[in-house]
Amino acid sequence: METSILIFACSVFAWIFLHRRSQRTNKGPKTWPLVGAAIEQLMNYNRMHDWLVNYLSESRTVVVPMPFTTYTYIADPANVEHVLKTNFANYPKGEVYHSYMEVLLGDGIFNSDGENWRKQRKTSSFEFASKNLRDFSTVVFREYSLKLSSILSQAAFDHQQLDIQVTLQIKEPSTTDVSFGATGV
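Residues numbered from 1 in each chain as written. Predicted model: local features only at pLDDT ≥ 70, side-chain atom pairs only at ≥ 80, totals over all residues. Heavy atoms only, no water.

Topic: the environment of Leu56
Within the fold, Leu56 resides in helix H3 (residues 48–58). When sequence neighbours within four positions are dropped, the list of residues in contact with Leu56 reads Thr61, Val62, Tyr73 and Ala75. (Helix = DSSP H or I, 4+ residues; strand = E, 2+ residues; numbered from the N terminus. Contact = heavy atoms within 4.5 Å.)

Encoded structure:
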């Protein structure tokens, strides 16, 4: 009995040792067997975005293994194009992502897979291919950018916190204006 416990303990120790040794050349977060990068992620919880940016500055694609899933963050334009356009079918978002993001993104192009995504992409590519639409959208988005800049500048000057809803309320009319041809802020 003691021998089998000793063999088991040595095996676990060797597994952890070899895994950690293989991490020396890894440019991404340090991982542990079973828990992945969860420990490092929890240690950096209060600076999560800075933590990711640090890794993305070293390597333009970062893989973050977690228990039960793996997240991949991409900052390289060629890789983004590969995932979102060239080889989209090989990178499905899946039901879990869809369920998490449905409240924010609905069933739109940014939250769909397969045939639904293909139809929406085809529709939007025709919609956004027109030179007139591009010219018009530039004007509309410039107006809304100035409005948002004014709100953010005033909030910064007054040392106020802003609700994210402010930016969403500004984005929504600008998208509607471009879609339906309305003007005016």
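Remarks on the packing of aromatic side chains
To describe a pair of aromatic rings, one takes the distance between the centres and the angle between the planes. The full count for this structure, using the stated rule, is two aromatic pairs. Relative to Trp117, the ring of Phe88 lies with its centre 3.6 Å away and its plane at 15 degrees, an arrangement referred to as stacked. Here Phe88, found in the loop between helix H4 (77–86) and helix H5 (94–105), pairs with Trp117, found in helix H6 (residues 114–127); they are 29 residues apart in sequence, far enough to count as distant. Its relative accessible area of 7% is what places Phe88 among the buried residues. Taking relative accessible area as the criterion, Trp117 reaches 8% and is therefore assigned buried. (Phe/Tyr/Trp six-rings, centres within 6.5 Å; stacked < 30°, edge-to-face > 60°. Buried < 20%, exposed > 50% of the residue type's maximum accessible area, 1.4 Å probe, protein only.)

With respect to the pairing of strand S1 (residues 61–66)
As a general feature of sheets, a regular strand has side chains that alternate between the two faces. The alternating pattern of S1 places Val62, Val64 and Met66 on a buried face, while none of Thr61, Val63 and Pro65, on the opposite face, is buried. Direction of pairing for S1 relative to strand S2 (residues 69–74): antiparallel, over a ladder of six bridges. Residue pairing for S2: Val62 is matched across the bridge by Tyr73. Joining the antiparallel neighbours S1 and S2 is a turn of two residues, in which Phe68 adopts a positive phi near 75 degrees. (Pairing = 2+ DSSP bridges.)

Some points on the pattern of salt bridges
Pairing between side chains becomes possible if they bear opposite charge and their charged atoms approach one another. This model, assessed by the stated rule, comprises two salt bridges. Lys93 is the partner of Asp113 in a salt bridge, and the nearest nitrogen-oxygen pair spans 4.0 Å. Of the two residues, Asp113 is situated in the loop between H5 and H6 and Lys93 in the loop between H4 and H5; the sequence distance between them amounts to 20 residues. When its relative accessible area of 26% is taken as the criterion, Asp113 is described as partly exposed. Put simply, Glu115 and Arg118 hold a salt bridge, and the shortest N to O gap is 3.4 Å. In this pair, Glu115 and Arg118 both sit in helix H6, three residues apart, roughly one turn of the helix. (Salt bridge = Lys/Arg side-chain N within 4 Å of Asp/Glu carboxyl O.)

Let's talk about the side chain of Glu40
Within the secondary structure, Glu40 sits in helix H2 (residues 38–43). Classification of Glu40 as buried rests on a relative accessible area of 15%. Only 2.9 Å separates the side chain of Glu40 from the side chain of Trp51, close enough to count as a polar contact. Discounting residues that sit within four places of it in the chain, Glu40 has contacts with Pro29, Lys30, Trp51 and Tyr55. (Polar contact = N/O pair within 3.5 Å; in protein donor to acceptor, adjacent residues only side chain to side chain.)

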